[in-house]
Amino acid sequence: HGIRLKGKADVEVIRKAGRLAVETLDLVESHIRPGIRTEEINTLVHEFTIQKGAVPAPLHYRGFPKSVCVSVNEEICHGIPGERILKEGDIVNVDITPILDGYYADASKTFFVGPPGPEALNLVRVARNSLWAGMGMVRPGNTIGDIGYAIQTYAEGEGCSVVREFVGHGVGFEFHEAPQVPHYGQKGKGIPLVPGMVFTIEPMINAGKKDLQILSDNWTAVTKDGFSSAQFEQTILVTEEGFESLTPFDLDGPLMP
Ligand code: MF3
Ligand code: CO
Ligand code: CO
């Protein structure tokens, strides 16, 4: 199935790239407030990445025009930073992928813009717990299907829906490698997990129905029904014991600072 396992030396560099991704998310979080344009997040991420000796993988990737994906409310993923102004009550996903010394790490978080309403708070809670539920299935002998099953049963049990068109992916040597990691599926199905695999888990969770459409910019995926979508992503290494996140950030602390 074309999965390229990572050795100890590979993992060390991906871990460094991953720490930079998380540091960048922290920097972005400190700048999120009502009134900023999403373009300002792009400038921040671009300059910080370069300053750290890394390259922002999204820039010119398959023609993507910016250095980071910024997706607000009904935008599911691949939002292009620009003139949209964040307002109080919005949620915004920021998806960061630095290339450091030739290695990729991929991570994203959804932030609140000012104090959230109850629906935004619940959706972001479910999205964060969905990533946690998926990660909890990662250990040798479990399968890719076990990850998707855990996420789907949890998220749907909370009355949310799971996007099908975009999936987690192998990462490290390139931006998107084998295997694909769907956030839905069946227990015990799919490829068995083996130590040295590195892939993302990045469930996109919708408050309404799962259906999406792509805007005329050919990138931005939005919910068909206009309800909000939230996402958290980490880059995960399969270890002998279970897993290690190479982009570690807190998934069980308080949702609001
Ligand atoms: N970071 C996204 C992912 O998690 C991919 C973005 S592709 C881009 O896989 F071109 F939009 F940057
Ligand atoms: Co990804
Ligand atoms: Co990503």
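Structural notes on the coordination of the cobalt ion (ligand 3)
Ideal values differ by geometry: the angle at a metal is 109.5 degrees with four tetrahedral donors, but 90 or 180 degrees with six octahedral donors.
Then, in step 1: Within the protein, the atoms that donate to the cobalt ion (ligand 3) are Asp95 (OD), Asp95 (OD), Asp106 (OD) and Glu233 (OE), at distances of 2.1 to 2.4 Å.
Then, in step 2: The coordination sphere of the cobalt ion (ligand 3) comprises six donor atoms, whose angles at the metal cover 58 to 167°; the geometry is irregular.
Then, in step 3: Counting along the primary sequence, the residues that act as donors to the cobalt ion (ligand 3) give the motif D-x10-D-x126-E.
Then, in step 4: In this structure, the cobalt ion (ligand 3) lies 3.2 Å from the cobalt ion (ligand 2), and both are coordinated by Asp106. Placement of Asp106 in the loop between β6 (103-104) and β7 (107-112) and of Glu233 in the loop between β15 (229-231) and β16 (234-238) is noted, with a sequence separation of 127 residues between them.
Then, in step 5: Here Glu233 falls in the buried class, since its relative accessible area comes to 0%.

Focus on the nonpolar core
Then, in step 1: Ile41, Val92, Val94, Phe199 and Ile201 are the most contacted members of the largest nonpolar core, which has 48 residues in total.
Then, in step 2: In terms of residue count, the dominant contributor to this core is helix α3 (residues 118-135) (seven residues).
Then, in step 3: Every residue in contact with Ile41, bar those within four places of it in the chain, is listed here: Val28, Ile32, Ile36, Val68, Val70, Leu86 and Val94.
Then, in step 4: In this structure, Phe48, Leu100, Ala105 and Phe175 belong to the second largest nonpolar core, which totals 18 residues.

A closer look at the sheet that holds β7
As a general point, the strands of a sheet are linked pairwise by backbone hydrogen bonds and lie either parallel or antiparallel.
Then, in step 1: Taken in spatial order, the three strands make up an open sheet running β2-β4-β7, and their pairing is antiparallel. Edge positions in the sheet fall to β2 (69-72) and β7, since each of these pairs with one other strand and no more. Here the average twist between neighbouring strands, direction ignored, is 20°.
Then, in step 2: Here strand β4 (residues 91-96) pairs with β7 via six bridges, running antiparallel. Bridge assignment links Val92 to a residue of β7, and that residue is Phe111.
Then, in step 3: Sheet strands in contact with helix α1 (residues 8-31) are β4 and β7, and its direction is about 15° off that of β7.

A look at the side chain of Glu39
Then, in step 1: With respect to the helices and strands, Glu39 occurs in helix α2 (residues 38-51).
Then, in step 2: Using a relative accessible area of 17% as the deciding quantity, one classes Glu39 as buried.

Quick look at the site of ligand 1
Then, in step 1: Contacts to ligand 1 come from 14 residues, most closely from Asp106, His169, His176, Glu202 and Glu233.
Then, in step 2: Side-chain polar atom of His169 to an oxygen atom of ligand 1: 3.0 Å apart, as the coordinates give it.
Then, in step 3: Within the side chain of Glu202, one N or O atom sits 2.8 Å away from an oxygen atom of ligand 1.
Then, in step 4: In isolation ligand 1 exposes 330 Å². Once the protein is present, 97% of that is buried.
Then, in step 5: Residue classes in the shell around ligand 1 are distributed as six nonpolar, four polar and four charged.

Here is what the cut-offs are and how they apply
- Residues numbered from 1 in each chain as written.
- Chains lettered and ligands numbered in written order.
- Predicted model: local features only at pLDDT ≥ 70, side-chain atom pairs only at ≥ 80, totals over all residues.
- Heavy atoms only, no water.
- Donors = N, O, S within 2.8 Å, 3.2 Å for Na, K, Ca; no water.
- Tetrahedral: all angles 85-135°; square planar, octahedral: opposite > 155°, others 65-115°.
- Helix = DSSP H or I, 4+ residues; strand = E, 2+ residues; numbered from the N terminus.
- Buried < 20%, exposed > 50% of the residue type's maximum accessible area, 1.4 Å probe, protein only.
- Core = buried A, V, L, I, M, F, W, Y, C linked by side-chain atoms within 4.5 Å.
- Contact = heavy atoms within 4.5 Å.
- Pairing = 2+ DSSP bridges.
- Axes fitted to C-alpha atoms, helices over the stretch in contact; angles between N-to-C directions.
- Near = heavy atom within 4 Å.
- Polar contact = N/O pair within 3.5 Å; in protein donor to acceptor, adjacent residues only side chain to side chain.
- Areas by Shrake-Rupley, 256 points an atom, 1.4 Å probe, with all protein chains shown as cover.
- Nonpolar A, V, L, I, M, F, W, Y, C, P; charged D, E, K, R; others polar.

The values are spatial; any link to function lies outside them.
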